[in-house]
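A look at the structure
Chain by chain, the residues:
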Amino acid sequence: MVSDEKEYRAGSYPEPEIVEEAILVGSKALEKAPKIYPVPTGIEGLDELFFTVEVEDGKVIKKPLGGIPAYSVFNITGVSDTGKSLMVEQFAVKQASEGKSVAFITVESPANFVVTALKLRAAAMGFDFSKFEDNIILIDAASHSKLRENIPDLLATLAFVIKNYGVKFTVIDSVTGLFEAREMMARTVVRRLFNFMKKWYQTALFVSQKRSGHEELTAEAAGGYAVGHIVDGSMVLAKELIDSSYKAKQYGAKIGDVVRLFRVDGCRLSGHDIRTHFMEITDTGLVRILGPVGE
Ligand SMILES: Nc1ncnc2c1ncn2[C@@H]1O[C@H](COP(=O)(O)OP(=O)(O)O)[C@@H](O)[C@H]1O
Ligand SMILES: [Mg+2]
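Heads up: these notes are all about the structure in this document. Note that residues are indexed from 1 along each chain, following the sequence as it is written. The order in which chains are written sets their letters, starting at A; the order in which ligands are written sets their numbers, starting at 1. At least 70 in pLDDT is required for a residue's local features to be given in this predicted model, at least 80 for side-chain atom pairs to be given and counted, and no such filter applies to totals for whole chains, interfaces and linings, which use all residues.

Considering the overall build of the protein
The helix count covers DSSP runs of H or I at least four residues long, the strand count covers runs of E at least two residues long, and both are numbered beginning at the N terminus. Counting its regular elements, the protein contains nine helices and 14 strands. Radius of gyration here uses only the C-alpha atoms, and the compact-globule reference equals 2.2 Å multiplied by the residue count raised to the power 0.38. Compactness check: the protein gives a C-alpha radius of gyration of 21 Å against a globular reference of 19 Å for 295 residues, within 12% of the reference. In terms of overall dimensions, the protein has C-alpha extents of about 70 × 50 × 45 Å along its principal axes. A buried classification covers 36% of the 295 residues belonging to the protein. Think of it this way: build a C-beta for each residue from its backbone, and any pair within 7 Å is a contact. Summarising the internal contacts of the protein: among those between residues at least 6 apart in sequence, 68% fall at separations of at least 24. The burial criterion counts other C-beta atoms lying within 10 Å of a residue's C-beta, which is placed from the backbone; the residue is buried at 20 or more, exposed at 12 or fewer, and partly exposed between these limits.

Below you can see the structure in the form of structure tokens.
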């Protein structure tokens, strides 16, 4: 007998109750469903990897979405130096350049350093940062341990920013920094952040670090596989040293080369390309997604 049952029989549990508000027929649930639209990411080659499915004349047709689905929450996962920060910076700059407000929670690098990186990213993307710099609202959890160590304070601060600046896009670099030295809390922390993003209708990117022991191209991150399962999807970044003729052949590279790889691992709100792609970091510091491996 499981302990719940024991307690229940002992009378310490109240009578079971039907939670009627939790029951919705499909049409009622759809009335509350936000309309999904594409959010261009500012990352060359990425927007084309997402699609929707429609039925036309009885035929199933795949249509390109042209961005990540709005209201989705993604983990950007990889070991260090794989381009996670560059990617989320490009995303923030892209939204800001289009006049949208972005909350950028920085957990590892203080805000004054992050803003320098954002400015560089904007320049590499061909934008004049000074035209939209105030559209990015930095929340400096790197300099304020209270925000790092107390999730309710962090979420209250973010809610304040969302309300006051009309924010629809949130970046956290990184969520891993919010459960440093207490990795058993990873799921609880990510679950709270995820629920918050849903409640506030945010399209959000969470940087999530892989430990070096994790397999390169899986969605596993610090805190385990379950952290990836909480969010709507993961984008996995990897770099692979070509140290065998087998790998050289597999990737069409030379021994001693480093190839960068990228894969979308799941997306609940739209269809997506499931292949592993080559990825590049340009010398101006921009991430670009290239063609699929092996084709
Ligand atoms: N101009 C540049 N600015 C910043 N990083 C660059 C630039 N050119 C190349 N890189 C490479 O980008 C990588 C850093 O990516 P980053 O996004 O900081 O990694 P992560 O956040 O995954 O640790 C490094 O490997 C660095 O060599
Ligand atoms: Mg980083």
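Continuing now.
Section: the sheet that holds strand β7 (residues 136-140)
Strand order across the open sheet formed by nine strands is β7-β6-β8-β9-β5-β10-β11-β13-β14, with mixed pairing between neighbours. Because the sheet does not close on itself, it has two edges, and the strands there are β7 and β14 (287-292). Neighbour-to-neighbour, the strand axes of the sheet open up by a mean angle of 25°, direction not taken into account. Pairing between strands requires that DSSP locate at least two bridges from one strand to the other. Pairing of strand β10 (residues 233-241) with strand β11 (residues 258-267) involves nine bridges; the strand directions are antiparallel. Considered in β11, the bridge of Leu 237 is made with Phe 262. Axis definition: a line fitted to C-alpha atoms, limited for helices to the stretch in contact. Angles are taken between N-to-C directions and run from 0 to 180 degrees.

Considerations on the site of ligand 1
Near ligand 1 the following residues occur: Gly 78, Ser 80, Asp 81, Thr 82, Gly 83, Lys 84, Ser 85, Leu 86, Ile 281, Asp 283, Thr 284 and Gly 285. Sort the elements by how many residues they give to the shell around ligand 1 and helix α3 (residues 84-97) lands first, with three residues. Any residue that is not Ala, Val, Leu, Ile, Met, Phe, Trp, Tyr, Cys, Pro, Asp, Glu, Lys or Arg is counted as polar, Gly included; the first ten are nonpolar and the last four charged. When grouped by side-chain class, the residues that make up the shell around ligand 1 number two nonpolar, seven polar and three charged. Nearness is defined per residue: the C-beta atom, placed using the backbone, must lie within 6 Å of the molecule or strand.

Description of the packing of α3 against helix α4 (residues 111-124)
Contact geometry for α3 and α4: axes closest at 9 Å, N-to-C directions at 70°. As far as their axial angle goes, α4 and α3 are roughly perpendicular. Where α3 abuts α4, its residues Glu 89, Gln 90, Ala 92 and Val 93 lie against Ala 117, Leu 118, Arg 121 and Ala 122. Considering only residue class, the contact of α3 with α4 consists of five nonpolar, one polar and two charged. When an angle is under 35 degrees it counts as roughly parallel; over 145 it counts as roughly antiparallel; between 65 and 115 it counts as roughly perpendicular; any other value is oblique.

A word on the nonpolar core
Residues enter a nonpolar core if they are buried, belong to Ala, Val, Leu, Ile, Met, Phe, Trp, Tyr or Cys, and are joined to the set through C-beta atoms within 7 Å. Residues Ala 92, Phe 104 and Phe 206 are the most contacted members of the largest nonpolar core, which totals 68 residues. Ranked by the residues each element gives to this core, the list is headed by α3, at seven residues. Ignoring sequence-local partners within four residues, the contact set of Ala 92 consists of Val 102, Phe 104, Leu 118, Ile 136 and Val 171.

Describing the environment of Phe 51
Following the sequence through the fold, Phe 51 ends up in strand β2 (residues 50-56). Setting aside residues no more than four positions away along its own chain, Phe 51 makes contact with Lys 62, Lys 63, Pro 64, Leu 65, Ser 270 and Gly 271.

Regarding helix α7 (residues 186-199)
By this rule, a helix spans an expected 1.5 Å times one less than how many residues it contains. For α7, with 14 residues, the first-to-last C-alpha span of 20 Å sits near the 20 Å given by 1.5 Å per residue. Looking at α7, one finds that the buried residues are Ala 186, Val 189, Val 190, Leu 193 and Met 197. When α7 is viewed along its axis, its buried side chains cluster within an angular range of 90° and face the same direction. Where α7 ends, the next residue or the one after it, Tyr 201, has phi of about 50°, a positive value. The arc under discussion is defined with respect to the helix axis, by the directions toward the C-beta atoms.

Regarding the environment of Val 88
Among the secondary structure elements, Val 88 is positioned in helix α3. Considered as a pair, Val 88 and Thr 170 are 82 residues apart in the sequence and their alpha carbons are 9.7 Å apart. Setting aside chain neighbours within four positions, we find Val 88 in contact with Ile 76, Val 171, Asp 173, Leu 205 and Val 207.

Quick look at the sheet that holds strand β12 (residues 271-272)
Reading across the sheet, the three strands line up as β3-β2-β12 and stay open at both edges, with antiparallel pairing between neighbours. Looking at the sheet topology across the chains shown, the edges are occupied by β3 (59-64) and β12.

Some words on the environment of Lys 198
Inspection of the secondary structure assignment puts Lys 198 in helix α7. Judged by the 14 C-beta atoms lying within 10 Å of it, Lys 198 falls in the partly exposed class. Lys 198 sits 143 residues away from Val 55 along the chain, and the two C-alpha atoms are 28 Å apart.

Considerations on the pairing of strand β8 (residues 169-173)
The buried count for β8 comes to five of five residues, which makes it a mostly enclosed element. Of the two faces of β8, the one carrying Phe 169, Val 171 and Asp 173 and the one carrying Thr 170 and Ile 172 are both buried. Two strands pair when backbone bridges link them, and strand β6 (residues 102-106) and β8 are joined in this way by five bridges, in the parallel orientation. Residue pairing across strands places Ala 103 opposite Thr 170, the latter belonging to β8. Bridge count for β8 against strand β9 (residues 203-209) is four bridges, and the pairing is parallel. The partner of Phe 169 across the bridge, within β9, is Thr 203.

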